[in-house]
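# Results of the structural survey
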Amino acid sequence: MPPCSSELLDNPINRDKVRTIYLSRHGESENNLFGRIGGDADLSSRGEQYARALGYYINTLPQPCHKVITSRLHRTQQTAQYVQAQKEIRHEIDEINSGEHDNMTYEDIAANFPVEFALRDRDKLNYRYPKGESYMDVVKRLKPMMAELELEDNILIISHQATLRCMLTCLLEGNLAELPYLKIPLHTIIKLTISDAGVSMEYHRIPVECVDTFRPKPENCEISRNLAAACQTVPFHL
Ligand code: F6P
């Protein structure tokens, strides 16, 4: 059983004063629409609508965020464009690097690299994409930035599905075994309130339609499984 995430952070989370951190994925991207992982695609038109709605939501808060942190990828910066706050770009919150499988669909990977695909399903936390990263690699690259967040209040972080799973698990001191399957839907703002009572989390779904990119763990993770079994839980896409 992997350790609890709190053992991975050098210091416990600072709860001395009540702090708020808003988290969001980027708006729906063209790659999300077509079921492709990774890449550096632009927002879809629905993703652009989400960016406008997110800007309105954050700018009209009683205490608007003073800073928005994005990754290096265009889709997060496009999502931040309507937020009136200081902008900061950090490589630490880039999406998991899917290496040689970047820009492929899950079905492409299952068909062309069936063994790799099954190995990932068997141990998604530790599986490292060829020439890419594992979830544990992402946790490691995030660690120094998590320490910096100790000083932050009222900021917005716009990042990606895998990266936000890692950040949330660290902040909530969640279980590493559950990390790779945490649900972080598109077009949803997550408000974290950190206080001496703990960390509370509220989900606020913005009503702009989008695809679901969540692929649950399939029943059959055997290397010998057929293509249909490997693709059993792939979410709908164009
Ligand atoms: O599908 C969107 C995405 O952000 C991909 O870019 C990324 O590879 C993937 O999610 C991570 O999710 P999972 O680890 O469940 O494949």
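## Notes on the overall build of the chain
Scanning the chain from N- to C-terminus turns up 8 helices and 6 strands. Helices and strands in the chain line up, N terminus first, as β-α-α-β-α-β-α-α-α-β-α-β-β-α. Relative to the compact-globule value of 18 Å for 238 residues, the chain shows a C-alpha radius of gyration of 18 Å, a close match. Over its C-alpha atoms, taken along the principal directions, the chain stretches across nearly 55 × 40 × 25 Å. Taking contacts inside the chain between residues at least 6 apart in sequence as the whole, the part at least 24 apart equals 68%. Per element, the accessible surface of the chain, about 11100 Å² overall, is 51% carbon and sulfur. Averaged over its 27 positive side-chain charges, the chain has a centre that lies 1 Å from the centre of its 33 negative ones.

## A look at the site of the ligand
Near the ligand there are 13 residues, and of these Gly38, Glu95, Tyr106, Lys124 and Tyr135 occur at the shortest range. Note that an oxygen atom of the ligand is positioned 2.7 Å from one of the backbone N or O atoms of glycine 38. Glutamine 161 is positioned such that a nitrogen or oxygen atom in its side chain is 2.8 Å from an oxygen atom of the ligand. Considering the ligand on its own, with 400 Å² of exposed area, one finds that the protein chains cover 97% of that surface. The residue inventory of the shell around the ligand, partitioned by class, reads 4 nonpolar, 4 polar and 5 charged.

## A few points about the packing of helix α6 (residues 135-148) against helix α7 (residues 161-171)
Between α6 and α7, the shortest axis-to-axis distance is 9 Å and the interhelical angle comes to 60°. When the interaxial angle is binned, α6 and α7 end up oblique. As for how α6 packs across α7, the hand of that crossing is right-handed. From α6, Tyr135, Val138, Val139, Arg141, Leu142 and Met146 reach across to α7, where they touch Ala162, Thr163, Arg165, Cys166, Met167, Cys170 and Leu171. Of the residues belonging to the contact of α6 with α7, the class tally is 10 nonpolar, 1 polar and 2 charged.

## Things to note about the nonpolar core
Burial of nonpolar side chains together is a common tendency in soluble globular proteins. Core analysis: the largest hydrophobic core is formed by 29 residues, its most contacted members being Leu23, Ile157 and Met167. Those elements that place two or more of their residues in this core are β1 (19-25), α6, β4 (155-159), α7 and β5 (188-195). It is α7 that contributes the most residues to this core, 7 residues altogether. Formed by 14 residues, the second largest nonpolar core is a distinct cluster that contains Tyr22, Tyr50, Val68 and Ala80.

## Thoughts on the sheet that holds strand β6 (residues 198-205)
With respect to topology, 6 strands assemble into an open sheet ordered β3-β2-β4-β1-β5-β6, the strand pairing being mixed. Two strands lie at the open edges of the sheet, namely β3 (86-89) and β6, each paired on one side alone. Taking the axes of each pair of neighbouring strands and ignoring which way they run, one obtains an average angle of 20° across the sheet. Running at roughly 155° to β1, α7 makes contact with β1, β4, β5 and β6 of the sheet.

## Here's the deal with a nonpolar patch on the surface
There is a patch of nonpolar side chains on the surface, built from Phe34, Phe236 and Leu238 and spanning about 350 Å² of accessible area. Relative to the assigned elements, phenylalanine 34 resides in the loop between α1 (30-33) and α2 (45-59). What makes phenylalanine 34 partly exposed here is its relative accessible area of 33%.

## Some remarks on helix α5 (residues 114-122)
All of the buried residues in α5 are Phe117, Ala118, Arg120 and Asp121. Buried residues in α5, looked at end-on, bunch into an arc of 155°, giving them a common side.

## Notes on the packing of aromatic side chains
According to the stated counting rule, one finds 2 aromatic pairs in the structure shown. Where tyrosine 106 meets phenylalanine 117, the ring centres are 6.3 Å apart and the plane angle is 45°; that geometry is what we call tilted. One end of the pair, tyrosine 106, is in helix α4 (residues 106-112); the other, phenylalanine 117, is in helix α5, with 11 residues separating them in the sequence. For the pair formed by tyrosine 106 and phenylalanine 117, the shared burial category is buried. With a centroid separation of 5.6 Å and 80° between ring planes, the pair formed by tyrosine 127 and tyrosine 129 is classed as edge-to-face.

## Re the pairing of β3
A regular strand places its side chains so that they alternate between the two faces of the sheet. In terms of strand pairing, strand β2 (residues 67-70) meets β3 through 4 bridges, oriented parallel. Bridge pairing in β3 links lysine 67 to glutamine 86. Handedness of the crossover is the feature at issue here: the chain leaves β2, passes through helix α3 (residues 74-79), returns alongside β3, and the resulting connection is right-handed.

Conventions and cut-offs
Residues numbered from 1 in each chain as written. Predicted model: local features only at pLDDT ≥ 70, side-chain atom pairs only at ≥ 80, totals over all residues. Heavy atoms only, no water. Helix = DSSP H or I, 4+ residues; strand = E, 2+ residues; numbered from the N terminus. Rg over C-alpha atoms; globule rule 2.2 N^0.38 Å. Contact = heavy atoms within 4.5 Å. Areas by Shrake-Rupley, 256 points an atom, 1.4 Å probe, with all protein chains shown as cover. Lys, Arg positive; Asp, Glu negative; His and termini not counted. Charge placed at Lys NZ, Arg CZ, Asp CG, Glu CD. Near = heavy atom within 4 Å. Polar contact = N/O pair within 3.5 Å; in protein donor to acceptor, adjacent residues only side chain to side chain. Nonpolar A, V, L, I, M, F, W, Y, C, P; charged D, E, K, R; others polar. Axes fitted to C-alpha atoms, helices over the stretch in contact; angles between N-to-C directions. Parallel < 35°, antiparallel > 145°, perpendicular 65-115°, else oblique. Left-handed = near helix turned anticlockwise from the far one by under 90°. Core = buried A, V, L, I, M, F, W, Y, C linked by side-chain atoms within 4.5 Å. Buried < 20%, exposed > 50% of the residue type's maximum accessible area, 1.4 Å probe, protein only. Pairing = 2+ DSSP bridges. Patch = residues over 30% accessible without salt bridge, like charges linked within 9 Å, V, L, I, M, F, W, Y side chains within 5 Å. Salt bridge = Lys/Arg side-chain N within 4 Å of Asp/Glu carboxyl O. Arc of directions from axis to C-beta. Phe/Tyr/Trp six-rings, centres within 6.5 Å; stacked < 30°, edge-to-face > 60°. Right-handed = clockwise from strand over helix to strand, strands pointing away.

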